[in-house]
Amino acid sequence: CPTASKLIVPKLSALLADVIIRDFPDDWPAASLLKTATLMLQSSATTSGLLLMSLTQLVEDCTDSDYNSSVSTTRRNAVLQGLNDVREPLTKVLYEFMQYWYGRV
């Protein structure tokens with residue numbers, strides 16, 4: 001049902017972003033996150049959208065002053081360092097995804 005998807009996907013993306021914030025990279029290694037992201041992008045339009053929304057929220061949370069006060073500086077720095085560690089391969093995967101979907105014009 002498209003309506004259910006429009007309601008559920010934003011909630012799931014917020015949940016995924018929260019899990020990444022809580023577990024990455026200490027309990028969710030960078031290589032595993034990258035593999036999960038690749039599988040989600042290759043799976044379906046819904047899971048691709050879910051991942052992209054989660055990554056957007058994650059980046060916003062890491063740079064938002066409210067996030068800075070709700071999570072310790074040590075935790076925020078660990079997440080940012082983990083994201084920096086997967087930046088190049090994740091950017092490549094995202095580029096290939098965009099090229100596949102939007103490069104066929």
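Scope of this entry: the structure provided in the associated data block. Computed from a predicted structure; not experimentally measured.

## Some details on the overall build of the protein chain
Helix and strand counts for the protein chain come out as six helices and zero strands. Secondary structure elements in the protein chain, listed N-terminal to C-terminal, are α-α-α-α-α-α. In terms of overall dimensions, the protein chain is globule-like: its C-alpha atoms have a radius of gyration of 14 Å, near the 13 Å expected for 105 residues. Principal-axis analysis of the C-alpha atoms places the extent of the protein chain at approximately 45 × 30 × 25 Å. Across the 105 residues in the protein chain, those meeting the buried criterion constitute 30%. Within the protein chain, counting contacts between residues at least 6 apart in sequence, those at least 24 apart form 68% of the total. Averaging the positions of the 9 positive and the 11 negative side-chain charges in the protein chain gives two centres separated by 7 Å.

## Some details on a nonpolar patch on the surface
A contiguous nonpolar surface patch, about 450 Å² in accessible area, is contributed by L7, I8, L12, L15 and V19. Relative to the helices and strands, L7 is located in helix α1 (residues 2-23).

## Some details on the pattern of salt bridges
A side chain with one charge may pair with a side chain of the opposite charge, provided their charged atoms come close. The tally for this structure, following the rule as stated, stands at four salt bridges. D26 is paired through a salt bridge with R75; the nearest N and O atoms lie 2.9 Å apart. Within this pair, whereas D26 is found in the loop between α1 and α2 (30-43), its partner R75 is found in helix α5 (residues 73-85), the two being separated by 49 residues in sequence. Its relative accessible area of 57% is what places D26 among the exposed residues.

## So, the environment of F24
Note that F24 resides in the loop between α1 and α2. With 23 residues separating them in the primary sequence, F24 and T47 have C-alpha atoms 19 Å apart. Sequence-distant contacts of F24, that is, excluding residues within four places in its chain, are made with V19, P29, A30, L33, R75, V79, G82, L83 and V86.

## What to know about the side chain of S13
Residue position: S13 is located in helix α1. A polar contact is formed between the side chain of S13 and the backbone oxygen of P10, at a distance of 2.8 Å. With residues up to four places along the chain from it excluded, the contact list for S13 reads L50, M53, S54 and Q57.

Each value, and the rule that gives it
- Residues numbered from 1 in each chain as written.
- Predicted model: local features only at pLDDT ≥ 70, side-chain atom pairs only at ≥ 80, totals over all residues.
- Heavy atoms only, no water.
- Helix = DSSP H or I, 4+ residues; strand = E, 2+ residues; numbered from the N terminus.
- Rg over C-alpha atoms; globule rule 2.2 N^0.38 Å.
- Buried < 20%, exposed > 50% of the residue type's maximum accessible area, 1.4 Å probe, protein only.
- Contact = heavy atoms within 4.5 Å.
- Lys, Arg positive; Asp, Glu negative; His and termini not counted.
- Charge placed at Lys NZ, Arg CZ, Asp CG, Glu CD.
- Patch = residues over 30% accessible without salt bridge, like charges linked within 9 Å, V, L, I, M, F, W, Y side chains within 5 Å.
- Areas by Shrake-Rupley, 256 points an atom, 1.4 Å probe, with all protein chains shown as cover.
- Salt bridge = Lys/Arg side-chain N within 4 Å of Asp/Glu carboxyl O.
- Polar contact = N/O pair within 3.5 Å; in protein donor to acceptor, adjacent residues only side chain to side chain.

So, to be careful, I would describe these as geometric facts and stop short of saying anything about function.
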